[in-house]
Amino acid sequence: MSSKSRPIPLANRTLGADGPEVYPIGLGAMLLSISGRPTEEQSLRTIFAALDSGVTLVDTADAYCLDESEFNHNERLIAKALRDRSERVLIATKCACRRPGGAWTVDARPEYMVEAAHASLRALGVECLDLLQLHAPDSRVPFEDSVGALAKLREQGKVARVGLSNVNVSQIERARRIVPITSVQNRWNVHARNPESDGVLDYCTRHGLAFLPYSPFGGTRLAPTLGTLGLSEEAKKRRVSPYRLVLAWMLAKSPVVIPIPGARRAESIIDSCKAPNLSLSAEDVAAIEATLA
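Residues numbered from 1 in each chain as written. Predicted model: local features only at pLDDT ≥ 70, side-chain atom pairs only at ≥ 80, totals over all residues. Heavy atoms only, no water.

Trainee: Mind laying out the packing of helix α4 (residues 143–155) against helix α5 (residues 169–176), listing which residues take part and the relevant values?
Mentor: Two numbers describe a pair of packed helices, the interaxial angle and the distance between the axes. At their nearest, the axes of α4 and α5 sit 10 Å apart, and the two run at 50° to each other. As judged from the angle between their axes, α4 and α5 are oblique. The handedness of the crossing between α4 and α5 is right-handed. The segment α4 lies against α5, with F143, E144 and V147 engaging Q171, R174 and A175. (Axes fitted to C-alpha atoms, helices over the stretch in contact; angles between N-to-C directions. Helix = DSSP H or I, 4+ residues; strand = E, 2+ residues; numbered from the N terminus. Parallel < 35°, antiparallel > 145°, perpendicular 65-115°, else oblique. Left-handed = near helix turned anticlockwise from the far one by under 90°. Contact = heavy atoms within 4.5 Å.)

Trainee: Explain the pattern of salt bridges to me, and be specific about the residues and the numbers.
Mentor: Using the criterion set out here, one finds 23 salt bridges in the structure. The closest approach of N and O atoms between D284 and R238, which form a salt bridge, is 3.0 Å. Note that D284 is positioned in helix α12 (residues 282–290) and R238 in helix α9 (residues 231–238), a separation of 46 residues in sequence. The salt bridge involving E267 is made with R265; its shortest N-O contact spans 3.4 Å. (Salt bridge = Lys/Arg side-chain N within 4 Å of Asp/Glu carboxyl O.)

Trainee: So what's going on with the nonpolar core? Residues and values would help.
Mentor: In this structure, L164, F211 and W249 are the most contacted members of the largest nonpolar core, which totals 82 residues. The biggest single contributor to this core is helix α10 (residues 242–253), with seven residues. Apart from the residues within four sequence positions on either side, F211 is in contact with V184, N186, W188, P195, V200, L201, C204, V256, V257 and I258. If you look at the next biggest cluster of nonpolar residues, it comprises ten residues, including V22, L57, A210 and L212. (Core = buried A, V, L, I, M, F, W, Y, C linked by side-chain atoms within 4.5 Å. Buried < 20%, exposed > 50% of the residue type's maximum accessible area, 1.4 Å probe, protein only.)

Any functional reading would require information that these geometric values do not contain.
Written out as structure tokens, the structure is:
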């Protein structure tokens, strides 16, 4: 356990309609296991920095690795980081993707998802997964069958909460007829604002589903461009990084939003975790969005 004092969260958010409270910013741990990843020592420092900054939700997936030969790499890394920590951290993981030869493919067959869930249990060293999300729908498998596999795992006590990723409103509604849904994890950033227009963010807000936007900075390719956009002037006015401003903007859009920025360096996640301290008015949000038009 770090000797550093942990900040008091200013406004924790509820994970789902009746879930636990978590810090408004989570850690997206994917960058610590895929191509271009840092050393394990640096990865652990990044995770520790997130926890010391107040993070209580870490997002992972069984497929966060280089290829099939090291499946569950990210989950094992997180388990190692948490081994000597005393705080309660909610781990959100995903299944239904494979990494043959380093490629990304979807496999949401019920039998494979059950197998994958048990592998995640072993990798994380737990008896029940805090939150298991369908990584992506599989066009070759009936959507209800994939969700049904998650429902059965929940009934068996292997999964506490069920979530979805890369889905539309219709799929969310269909899933909710089968099992209670806690979260939706879709791509959302200033370059890809689809959740604002396709109804997903509004649906999650109305029904109290946690919305966990991934790649909030645009991914490794687009993240460096944030400093060149018009919003960088808005960031300078507030003496914050454009990254922190983007996260504060997301938080201001809906009370169910819990961004999960990725980070390879401790400094990055420390900066991101200060976003909840930046309060934005409706006028501020409008000014920021005017720079994105």
